[in-house]
There are 2 protein chains.
Amino acid sequence: MAPRIEIDADLVRDRIDRLAAIGRVGETGVTRTLYDDAWVAATDQYAAWCDAAGLAVTRDAVGNVWGRLEGTAGGDAVVSGSHIDSQVNGGRFDGALGALAGLIAVAALRDQFGAPKRPLEAVAFCEEEGSRFPNAQFWGSRAITGRIGAADLDTVCDGAGRSIGAVMRDVGLDPDAVGTAKRGDIGDFIELHIEQGPILEQDDLAVAIVDAITGIRHYHVTLTGVQNHAGGFPMDIRNDPMAGFLELGAGLIDTAHRAGRPAVSTIGRVEATPGARAIIPREVRFTLDTRHPDPAARARQYAVQEALMREVAARRGLGIDWTIELDHPPCLSDPGILAALQAGATEQGIATRVMASGAGHDTQQMARIARVAMIFVRSKDGRSHTPEEFSSLEDCVEGIRLLAAAMHKLAY
Amino acid sequence: MAPRIEIDADLVRDRIDRLAAIGRVGETGVTRTLYDDAWVAATDQYAAWCDAAGLAVTRDAVGNVWGRLEGTAGGDAVVSGSHIDSQVNGGRFDGALGALAGLIAVAALRDQFGAPKRPLEAVAFCEEEGSRFPNAQFWGSRAITGRIGAADLDTVCDGAGRSIGAVMRDVGLDPDAVGTAKRGDIGDFIELHIEQGPILEQDDLAVAIVDAITGIRHYHVTLTGVQNHAGGFPMDIRNDPMAGFLELGAGLIDTAHRAGRPAVSTIGRVEATPGARAIIPREVRFTLDTRHPDPAARARQYAVQEALMREVAARRGLGIDWTIELDHPPCLSDPGILAALQAGATEQGIATRVMASGAGHDTQQMARIARVAMIFVRSKDGRSHTPEEFSSLEDCVEGIRLLAAAMHKLAY
């Protein structure tokens with residue numbers, strides 16, 4: 001058995017509170033969007049904490065902050081971190097907890113076990129939320145994996161219409177150097193993040209080992225029928241796209257519900273044209289967000305849902321058309337890292353369960369260049385992207401202990 | 001058997017075409033809204049045609065135009081007409097055909113049968129559509145029935161924010177005299193109107209006798225649930241108001257569909273909050289337009305639909321709240337006038353069916369002061385409120401023949 005890894009709860013509390021104070025909104029809200037003043041202050045603070053912990057600090061071309069502890073045997077690094085930006089009026093834990101966890105875990109390992117064989121690194125990704133530049137999502141981890149094109153620097157703009165390249169210059173970053181952020185020497189990446197769901201709370205567990213990030217597809221669907229007077233047209237001869245939407249929307253949701261966890265499907269937006277009370281609509285448009293972490297089950301789910309849409313539309317004499325606006329395949333965790341996490345949990349006496357992430361994370365970008373996995377920490381009421389977002393100090397400490405245990409297995 | 005009543009098809013065509021030219025939009029569209037220039041020209045034209053037909057012309061305080069033929073025995077008048085205003089870019093027949101039909105029928109009766117016993121009148125109501133002043137709907141027939149309040153003159157405004165009282169003064173009408181438009185000497189009222197639905201076309205009939213105007217109720221419904229992340233929350237523990245809407249909306253429409261004609265229910269508008277692709281909504285708001293012309297069946301329909309809404313919301317853990325924004329009871333036609341229409345149809349050899357009106361009409365206002373019924377003329381493809389709105393000359397003539405036959409039964 002490995003010795004118990006100690007994580008200083010007072011330090012964790014201090015770091016969470018002080019990072020939350022940068023961009024604070026009200027009591028517990030945080031607004032820290034890419035390259036704004038709060039973001040600059042937060043990355044400076046993160047760099048200072050890395051430095052104080054004896055890690056070698058670097059900032060790359062897009063503003064990711066790295067703290068590195070060299071390994072005696074060299075080789076590819078074992079890295080942990082998450083994003084330092086937030087939603088507009090988001091919470092204190094989403095992203096921030098994972099960035100701090102990497103830093104605290106690496107420092108604790110150095111303090112308790114000395115120099116590792118492999119290099120250890122903590123990272124604060126500059127951006128994940130898309131809360132300032134909607135098309136910049138995963139800006140930090142995309143730069144690390146070499147997936148930012150030169151055109152992005154001019155075409156990705158914020159709500160005020162300013163290009164991300166121009167805004168980078170404002171904060172002292174050179175957009176022409178984006179290519180230098182690419183890393184080829186990261187072996188393993190583990191991201192700790194709040195769950196953003198209620199499953200751990202339901203199971204009365206502090207932490208989970210994440211074996212996959214779900215596959216996500218967004219459909220934009222248009223159903224077309226025949227507009228007519230709501231009073232003059234009998235029900236039996238209508239081509240009412242709203243009636244079609246009601247049937248097929250229920251079926252789309254039922255498809256995921258019947259499949260059971262972890263399948264999910266959500267209709268978040270719908271609108272009818274012309275949208276008058278006394279007119280049978282001629283068109284109904286809606287979005288479908290549909291997710292499954294298992295590649296085969298995901299393919300079946302999408303096929304069933306597409307067949308349903310075609311069938312209902314054809315039977316009801318409606319036109320149907322859709323575009324796929326987003327399509328992320330599932331990201332499966334690496335078996336070797338999962339084994340390190342499982343062994344670490346057992347040795348440290350941390351009760352866990354294995355689950356998939358229903359949300360997207362930087363980890364799915366990092367999977368392009370490294371072996372990956374994630375740790376989830378319990379979220380109160382499953383809430384996130386809100387000032388009410390909360391994870392207890394005890395749960396955060398347990399999550400960081402598990403992270404440190406796995407990094408110890410991989411690097412020592 | 002009464003003699004065949006002759007209606008001059010060339011005259012009907014001429015009147016339809018010339019009235020359609022006033023406010024014409026494109027080939028076949030018409031925009032003639034209350035008190036605008038086209039409206040002024042149309043009422044002048046209608047008054048001139050009444051005068052040319054030998055009828056005594058009067059204009060009342062709101063601008064309804066009346067053409068009267070005195071009766072030898074006096075008594076309450078037998079009146080026919082419809083509204084002279086149109087939708088914005090509406091068609092040539094909605095309202096206009098009925099206003100012309102009254103005038104043509106009265107003139108034809110006088111020409112073919114001489115003076116009636118009871119007075120006969122044709123009327124062009126100033127307004128029915130609400131297309132300029134949304135809250136002025138039935139302005140003409142409301143004035144005739146004494147249902148315009150003094151406050152309406154200041155509070156009913158057009159899209160430019162001008163009060164209807166001020167606009168009346170612009171066209172030479174005295175808003176303080178609105179009370180004088182009230183009539184207490186109308187015995188019977190028959191309105192000819194296009195069907196605005198496909199039933200006569202399906203039945204291959206030119207005209208129908210309308211035995212009721214449907215009861216209409218508009219609900220505005222709000223379903224509230226719990227907003228959450230579309231990825232992190234399992235289907236089985238969601239309180240998703242969209243899922244609730246899909247189930248209950250389908251049930252609301254099915255309630256009317258299963259009841260069969262003439263029950264109808266329409267959901268014309270829906271929106272979700274916050275309306276994002278990857279967020280389970282916290283609120284879904286929608287409208288329900290639900291109609292039945294039979295008072296008892298209508299009450300049952302509304303009770304079933306309200307019970308369904310409560311049941312689905314309660315079972316799914318959703319909040320539900322609704323307001324009733326409009327609630328018109330059914331308007332049943334008078335048996336005596338229906339008998340006159342039936343006898344007239346038989347004597348004139350006009351094939352008809354009896355049906356309810358699914359739309360509201362001035363007739364439901366006039367029912368407060370007179371015995372009423374309506375005649376429908378076949379609409380091509382059931383279309384209305386569009387430049388494509390069309391009824392054939394032959395069908396229009398048959399409708400006016402039926403109107404004249406019934407007026408003959410009632411007045412001679």
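Because the structure is a prediction, the values reported are computed rather than measured.

Parameters at a glance
- Residues numbered from 1 in each chain as written.
- Chains lettered and ligands numbered in written order.
- Predicted model: local features only at pLDDT ≥ 70, side-chain atom pairs only at ≥ 80, totals over all residues.
- Heavy atoms only, no water.
- Least-squares fit on C-alpha atoms with pLDDT ≥ 70 in both.
- Contact = heavy atoms within 4.5 Å.
- Axes fitted to C-alpha atoms, helices over the stretch in contact; angles between N-to-C directions.
- Helix = DSSP H or I, 4+ residues; strand = E, 2+ residues; numbered from the N terminus.
- Parallel < 35°, antiparallel > 145°, perpendicular 65-115°, else oblique.
- Left-handed = near helix turned anticlockwise from the far one by under 90°.
- Nonpolar A, V, L, I, M, F, W, Y, C, P; charged D, E, K, R; others polar.
- Phe/Tyr/Trp six-rings, centres within 6.5 Å; stacked < 30°, edge-to-face > 60°.
- Lys NZ or Arg CZ within 6 Å of the ring centre and 35° of its normal.
- Buried area = accessible area lost by both parts, 1.4 Å probe.
- Salt bridge = Lys/Arg side-chain N within 4 Å of Asp/Glu carboxyl O.
- Polar contact = N/O pair within 3.5 Å; in protein donor to acceptor, adjacent residues only side chain to side chain.
- Disulfide = S-S within 2.5 Å.
- Buried < 20%, exposed > 50% of the residue type's maximum accessible area, 1.4 Å probe, protein only.
- pLDDT = per-residue confidence, 0-100.
- Lys, Arg positive; Asp, Glu negative; His and termini not counted.

In the superposition of chain B on chain A (RMSD 0.1 Å, axial shift 0.1 Å), the rotation amounts to 180°. Such values leave the two copies arranged in the relation of a two-fold axis. Considering only C-alpha atoms, the residue of chain B closest to the rotation axis is Leu 246 of chain B, which sits at 2.4 Å. A shared binding surface is used by both copies, with 100% of the interface residues of chain B retained as interface residues in chain A.

Here we come to the packing of helix α3 (residues 96-113) of chain B against helix α12 (residues 393-411) of chain B. Residues and elements named next belong to chain B. Where α3 meets α12, the axes come as close as 9 Å, and the angle between the chain directions of the two elements is 55°. As far as their axial angle goes, α12 and α3 are oblique. Like other packed secondary-structure pairs, α3 and α12 cross with a definite hand, here right-handed. Between α3 and α12, the contacting residues are Leu 97, Ala 101, Gly 102, Ile 104, Ala 105, Val 106, Leu 109 and Phe 113 on the first element and Cys 396, Ile 400, Leu 403, Ala 404, Met 407 and His 408 on the second. Split by residue class, the contact of α3 with α12 holds 12 nonpolar, two polar and no charged.

Here we come to the packing of aromatic side chains. Residues and elements named next belong to chain A. This model, assessed by the stated rule, comprises 14 aromatic pairs over all chains. The interplanar angle of 85° and the centroid separation of 4.9 Å between the aromatic rings of Tyr 35 and Trp 39 together place this pair among those described as edge-to-face. Ring geometry for Tyr 219 and Tyr 302: centres 6.4 Å apart, planes at 90°, overall edge-to-face. Taken together, the residues Tyr 219 in strand β9 (residues 215-224) and Tyr 302 in helix α9 (residues 295-315) connect sequence positions 83 residues apart. When the ring centre of Trp 66 is taken as reference, the NZ or CZ atom of Arg 183 above it lies at 4.5 Å.

Let us now look at the interface of chain B and chain A. Contact residues are listed per partner, giving 55 residues for chain B and 56 residues for chain A. Summed over both partners, the interface of chain B with chain A buries about 4400 Å², with 63% contributed by carbon and sulfur atoms. For chain B, the biggest contributors to the area lost against chain A are Met 235, Leu 246 and Arg 277 of chain B; these three give 19% of the whole. Seen at the junction of chain B and chain A, the total is two salt bridges. Among the salt bridges present, the one from Asp 236 of chain A reaches Arg 261 of chain B, with a minimum N-O distance of 2.9 Å. On the surface where chain B and chain A come into contact, there are 10 residue pairs in polar contact (both at pLDDT 80 or more). Only α7 (199-203), β9 (215-224), β10 (228-229), α8 (241-259), β11 (264-266), β12 (270-273), β13 (279-280) and β14 (283-292) of chain B provide two or more residues apiece to the side of chain B that touches chain A. Here the element with the most residues in the side of chain B that touches chain A is α8 of chain B; it accounts for nine residues. Classifying every residue of the side of chain B that touches chain A gives 25 nonpolar, 18 polar and 12 charged.

A full pass over the atoms with the stated rule returns zero disulfides over all chains. As a non-bridged cysteine, Cys 157 of chain A has Cys 126 of chain A as the owner of its nearest cysteine sulfur, 17 Å distant.

Applying the stated criterion to the full structure yields 70 salt bridges over all chains. The partner of Asp 158 of chain B in a salt bridge is Arg 132 of chain B, and the shortest N-O contact between them spans 3.0 Å. In this pair, Asp 158 of chain B is assigned in the loop between α5 (152-155) and α6 (164-170) and Arg 132 of chain B in the loop between β6 (120-125) and α4 (139-144), connecting sequence segments 26 residues apart. You can call Asp 158 of chain B buried: its relative accessible area is 10%. Salt bridges sharing partners connect three or more residues here, namely Arg 68, Glu 70, Glu 121, Arg 183 and Asp 185 of chain A.

Residues and elements named next belong to chain A. Positionally, Glu 389 belongs in the loop between β18 (371-377) and α12 (393-411). Among the polar contacts made by the side chain of Glu 389, one reaches the main-chain amide nitrogen of Arg 92 at a distance of 3.3 Å. A polar contact of 2.7 Å, which involves the side chain of Glu 389, links it to the backbone nitrogen of Asp 94. For Glu 389, the residues in contact, after removing those within four places along its chain, are Gly 91, Arg 92, Phe 93, Asp 94, Ile 194, Arg 383 and Ser 384.

We now examine the confidence of the model for chain A. Here chain A shows a mean pLDDT of 96. Residues at 70 or above account for 100%. In the predicted complex, the global pTM is 0.90; the interface-specific ipTM is 0.90.

The next point concerns the side chain of Asp 94 of chain B. Residues and elements named next belong to chain B. Within the fold, Asp 94 resides in the loop between β5 (77-83) and α3. One buried charged residue, Asp 94, remains without a salt bridge, the closest side chain of opposite sign being Arg 32 at 9.1 Å. Ignoring sequence-local partners within four residues, the contact set of Asp 94 consists of His 83, Asp 85, Glu 129, His 193, Ile 194, Gln 196, His 385 and Glu 389.

Below, the discussion takes up unusual backbone geometry. Cis geometry marks the peptide bond from Arg 261 of chain B to Pro 262 of chain B, where omega comes out at 5°. Secondary-structure assignment places Pro 262 of chain B in the loop between α8 and β11. The peptide bond linking Thr 273 of chain B to Pro 274 of chain B adopts the cis configuration, its omega dihedral lying at 5°. Tracing the chain through its elements places Pro 274 of chain B in the loop between β12 and β13. Positioned with a positive phi, Gln 196 of chain A is a non-glycine residue whose angle comes to about 65°. Relative to the assigned elements, Gln 196 of chain A resides in the loop between β7 (186-194) and α7 (199-203). Phi angles above zero are rare outside glycine, and Asp 381 of chain A is one such case at about 55°. Tracing the backbone through its elements, the reader meets Asp 381 of chain A in the loop between β18 and α12.

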